[in-house]
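Listed below are the residues making up each chain.
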Amino acid sequence: MKLRIIIDNTYDGCMTFARRALPVLGLAAASAIVLAGCAGGEGADAGGADDGITVVTSTNVYGDIAEQVAGGLVEVTSIIESASMDPHSFEASAADQLTVSQADLIVANGGGYDSFMDAMIESTGTEAHVITASELSHAWPGAESGDDHADETSADDHDHVEGFNEHVWYDPHTIEAVAEAVAAELGELQPENADAFAANADAFAAELAGLEGDLDAISAAHAGSGVFATEPVGLYLLEAAGLVNLTPDAFSEAVEEGQDVPPATLLEALTILRSGDVALVVANSQTGGAETNQVIDEADAGDIPVVEFTETLPDGQTYISWMQANIDAMSEALAA
């Protein structure tokens, strides 16, 4: 039996698979250019209400979280607002920069994932408070000591923090901290609604607790099972489910950076897949390549179930429903 579970596989002509960070256009220069295609999200030119509070987020993942906490009391705009847009290769527009410049609160992932936000924050000179999700992660370098600074390295223009998995939106604990931070900042900006924001964050945390309960159930049944993840996108969720990552670091790093996987590393990966120790393969449906396809083909040949995750929120989903679908897919695949 071959089992393939795809959480979301929606693309359009705007999808870019190259792992590279493109330069952010200066506001004046960009204003003189007619930008089309996927330069910005549909809501990115909304700006802020004249007398209201505006939250701007890097992706629709954080946009939905902010909306859950805001409860419709403030405007929320996401720069990346579709699963067809890849944050790694996103080029910001003049409208995006204007949106950031008008924000009262900014929520970004950090860790080098959405560096286009860092560039716009710097170029616009915004004084809005910035919530950086990566720095709220227990895995953030210096988190135990309270040191928010870490050495950043660059590989093929994709900046990241050495040894840190920046895909923290797959970690329910980090997301709970993000929701709490959003509630606190919105309470400062709009004190008359502070209690409502706090209550919304508490309700959101209760839903996260439900996800964690389902992850605990997977762990109880499958703790120690091996998983091969072509990229580190969903590793926090897999680890929370008690699964053990068997992927060679050199393989996932090469795929994430858009580089060729060294032949010796590919052979090692295929040997692992043929060992009988892998219970599940997890791939990123928004990117791909020859080596990733080879892993999936090998999994199919060995009757290893494949689950595909996305990096951004699929259309029509909330953060909670999206994570629930991911968790359900993992559970179904492992039980097959």
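Look up a bit, the structure's there.
What comes next is a walk through the structure. (Residues numbered from 1 in each chain as written. Predicted model: local features only at pLDDT ≥ 70, side-chain atom pairs only at ≥ 80, totals over all residues. Heavy atoms only, no water.)

What about the overall build of the protein chain?
Operational definition: Here a strand is any run of E in DSSP of at least two residues, a helix any run of H or I of at least four, and the numbering for each starts at the N terminus. Exposed residues in this analysis have more than 50% of their type's maximum accessible area, buried residues have under 20%, and partly exposed residues fall in between, with area computed by a 1.4 Å probe over protein chains only. Here, residues are in contact when the closest pair of their heavy atoms is within 4.5 Å. In these tables, accessible area is a Shrake-Rupley quantity obtained with a 1.4 Å probe, and a residue counts as shielded only by the protein chains included in the view.
A tally of regular secondary structure across the protein chain gives 11 helices and 11 strands. With 336 residues in all, the protein chain has 51% of them scored as buried. Within the protein chain, contacts between residues at least 6 apart in sequence are counted, and of these 73% link residues at least 24 apart. When the accessible surface of the protein chain is totalled, it reaches about 13,900 Å², and 48% of it is carbon and sulfur.

Brief notes about helix α5 (residues 172-189)
To keep things clear, this is the line we draw: For a helix, the expected span equals 1.5 Å multiplied by the number of residues minus one.
Taking 1.5 Å of rise per residue, 18 residues should cover 26 Å, and α5 covers 26 Å from first to last C-alpha, within 8% of that figure. Restricting attention to buried positions, one finds in α5 the residues P172, T174, I175, V178, A179, V182, A183, L186 and G187.

Examining the packing of helix α6 (residues 194-222) against helix α11 (residues 319-335)
To keep things clear, this is the line we draw: Axis definition: a line fitted to C-alpha atoms, limited for helices to the stretch in contact. Angles are taken between N-to-C directions and run from 0 to 180 degrees. Roughly parallel means an angle under 35 degrees; roughly antiparallel, over 145; roughly perpendicular, 65 to 115; everything else is oblique. In this classification, Asp, Glu, Lys and Arg are treated as charged, Ala, Val, Leu, Ile, Met, Phe, Trp, Tyr, Cys and Pro as nonpolar, and every other residue, Gly included, as polar.
Packing of α6 against α11 leaves a shortest axis separation of 11 Å and a crossing angle of 10°. As the angle between them shows, α6 and α11 are arranged roughly parallel. Here F204, E207, L208, L211, D214, L215, I218 and H222 of α6 come into contact with α11, specifically with Y319, I320, M323, Q324, I327, M330, S331, L334 and A335. Residue composition of the contact of α6 with α11, grouped by class: 12 nonpolar, three polar and two charged.

Section: the nonpolar core
Applied cut-off: Among buried residues, the Ala, Val, Leu, Ile, Met, Phe, Trp, Tyr and Cys ones that are joined through side-chain atoms within 4.5 Å form a nonpolar core.
By size, the foremost hydrophobic cluster in this structure holds 57 residues, and its most contacted members are Y62, I65, Y170, L186, L280, Y319 and M330. In terms of residue count, the dominant contributor to this core is α11 (nine residues). In contact with M330, not counting residues within four places along its chain, are I218, L237, L238, A241, L243, L280, V307 and F309.

Details of the pairing of strand β3 (residues 75-80)
Where we set the bar: Consider the strands pointing away from the viewer: the crossover is right-handed when the path from the first strand over the helix to the second runs clockwise.
In terms of residue burial, β3 counts as a mostly covered element, since five of its six residues are buried. With respect to chirality, the unit in which strand β2 (residues 54-59) leads through helix α2 (residues 60-70) into the neighbouring parallel β3 is right-handed.

So, the packing of aromatic side chains
Threshold: Pairing of aromatic rings covers Phe, Tyr and Trp, the last counted by its six-membered ring, and requires centre-to-centre distances within 6.5 Å; plane angles under 30 degrees mean stacked, over 60 mean edge-to-face, and any other angle means tilted.
Applying the stated rule across the entire model yields nine aromatic pairs. Judged by centre distance (4.7 Å) and plane angle (55°), the ring pair of Y113 and W169 falls under tilted. Of the two residues, Y113 sits in the loop between β4 (105-108) and α4 (115-124) while W169 sits in the loop between β7 (158-161) and α5, which places them 56 residues apart along the sequence. For W169, a relative accessible area of 1% corresponds to the buried category. Centre to centre, the rings of W140 and F164 are 5.1 Å apart; their planes meet at 90°, and the pair counts as edge-to-face. Here W140 is found in the loop between β5 (129-132) and β6 (152-155), whereas its partner F164 is found in the loop between β7 and α5, with 24 residues between them in sequence. We note that W140, like F164, is buried.

Digging into the environment of A139
Tracing the backbone shows A139 in the loop between β5 and β6. Distance from A139 to T174, taken between C-alpha atoms, is 9.5 Å for residues 35 residues apart in sequence. Setting aside its immediate chain neighbours within four residues, A139 contacts F164 and Y236.

Quick word on the pattern of salt bridges
Rules: Any Lys or Arg side-chain nitrogen found within 4 Å of a carboxyl oxygen on Asp or Glu counts as a salt bridge.
In total, this model carries one salt bridge according to the counting rule given. Put simply, E298 and R274 hold a salt bridge, and the shortest N to O gap is 2.9 Å. Of this pair, E298 sits in helix α10 (residues 290-301) while R274 sits in the loop between α9 (263-273) and β10 (278-284), placing them 24 residues apart in sequence. Assessed through its relative accessible area of 53%, R274 is described here as exposed.

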